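Each chain is listed here by its residues.
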Amino acid sequence: MSTAVVTPGVPRPTVARRRRGPSLASIRTYAGLAVIVVWGLAPVYWMVVTAFRDSDYTFDTTPWPTHVTLDNFANVFSTDAGNHFARALVNSTIIGAVTTAIGLIVGVGTAYALARLQFRGKHAVLGIILAASMFPGVAVLTPLFQLFTSMGWFGTYQALIIPNISFVLPLTIYTLTAFFKELPWELEEAARIDGASRRQAFRMVLLPLAAPGLFTTAILAFIASWNEYLISSQLSNDITQPATVAIAQFAGSKPHEEPFTSVMAAGTVVTIPLVIIVLLLQRRIVSGLTAGGVK
């Protein structure tokens, strides 16, 4: 058994003590995260709780589900009450899918040109795209209404899809431009040396590498189109209205009653697809958002 020799006049070596419990910085970090999570999810939680609550107890402030019923969801899909929510969901899916597809087709080519090609007025084009994304939708509502009415497009799908494309394109172009800039030039140059044209190099080399960015951009564009309300509320009719407009026109199960619980049930139904998409594809979304930021 060995013992430490203590020399007179020499201080004993200090032994590092292990920290017990979380540090103050960790506590602040987790407290901030908790506040953000509660702030973001509390409205969603209350929407779900109200969706399952009986309409006679709409204003019950109990923070957990009480007087649970499924009548609100039945009323949402009841055509007898004048609600055509199932058709509105189909309309939202069609509008969102077409808007996303066209936005990606146009946005990919534009983003590649802005990221890879050198031409006069390149920065001016980027500035115009940025200005278009900052333009308020309410300012173009009246001109669009007059234009589509004179063209006979009022209440048609194209009257809802074309404005959505104009709103989605700036997001698509800016996201993909940043992504294409970070792709290695050497791969494209190697394909060109091997005899591929610029179009072939883009289609066969760069486009597969840009798949995470394309995937993320498609999801963001679809969500933006799915949530659009302002233009759709003025340019749609009973046949083509999307889910956001249909919710605003809900009728209650009782006369002269504001259908708060039915609206919450419809909001829950509309939110479920987006939540499922994000949860299933969150890794692809994160990788697509971060892949364009590092080389």
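You'll find the structure just up there.
Cut-offs used in this document
- All residue numbers refer to positions counted from 1 along the written sequence of the respective chain.
- Local features in a predicted model are, by the rule used here, given only for residues with pLDDT of at least 70; side-chain atom pairs are given and counted only at 80 or more, and totals for whole chains, interfaces and linings are based on all residues.
- Remark: hydrogens and water are excluded; side-chain values derive from all non-hydrogen atoms of the structure.
- Numbering of helices and strands starts at the N terminus; helices are DSSP runs of H or I of at least 4 residues and strands are runs of E of at least 2.
- Using a 1.4 Å probe on the protein chains alone, a residue whose accessible area is under 20% of its type maximum counts as buried, one over 50% counts as exposed, and one in between counts as partly exposed.
- For helices, the fitted axis covers only the stretch in contact; all axes are lines through C-alpha atoms, and the angles between them, taken along N-to-C directions, range from 0 to 180 degrees.
- For classification purposes, angles smaller than 35 degrees are called roughly parallel, those larger than 145 roughly antiparallel, those between 65 and 115 roughly perpendicular, and all remaining angles oblique.
- Helix crossings are classified by the rotation of the near helix relative to the far one: an anticlockwise turn of less than a right angle makes the crossing left-handed, while a clockwise turn makes it right-handed.
- When residue character is reported, Ala, Val, Leu, Ile, Met, Phe, Trp, Tyr, Cys and Pro are called nonpolar, Asp, Glu, Lys and Arg charged, and the others, Gly included, polar.
- We call two residues in contact when some of their heavy atoms are within 4.5 Å.
- The rule for a salt bridge is simple: a side-chain nitrogen of Lys or Arg has to be within 4 Å of a carboxyl oxygen of Asp or Glu.

(A) Representation of the environment of E188 in the model. By the secondary structure assignment, E188 is in helix α7 (residues 185–193). E188 gets classed as buried once you look at its relative accessible area, which sits at 4%. With 17 residues separating them in the primary sequence, E188 and V205 have C-alpha atoms 6.8 Å apart.

(B) Inspection of the packing of helix α3 (residues 85–116) against helix α6 (residues 157–182) at higher detail. Packing of α3 against α6 leaves a shortest axis separation of 6 Å and a crossing angle of 40 degrees. If you check the angle between α3 and α6, you find them oblique. The hand of the α3/α6 crossing is right-handed. Here the residues of the contact of α3 with α6 sort into 20 nonpolar, eight polar and two charged.

(C) Spatial organisation of the packing of α6 against helix α9 (residues 211–226). Contact pair α6 / α9: the axes reach a minimum separation of 10 Å and the direction vectors enclose 160 degrees. Between α6 and α9, the crossing angle belongs to the class labelled roughly antiparallel. In terms of crossing hand, the pair formed by α6 and α9 is right-handed. Packed against α6, whose contacting residues are N164, V168, L171, T172, T175, L176 and F179, the element α9 presents G213, L214, T217, L220, A221 and S225 at the interface. Considered class by class, the residues forming the contact of α6 with α9 number seven nonpolar, six polar and no charged.

(D) Expanded view of the pattern of salt bridges. The tally for this structure, following the rule as stated, stands at two salt bridges. Put simply, E188 and R116 hold a salt bridge, and the shortest N to O gap is 3.7 Å. Taken together, the positions of E188 in helix α7 and R116 in helix α3 put the pair 72 residues apart, joining distant regions of the chain. Across the pair R198 and E188 runs a salt bridge, and its minimum N-O distance is 3.5 Å. Of this pair, R198 sits in helix α8 (residues 198–209) while E188 sits in helix α7, and the two are 10 residues apart along the sequence.

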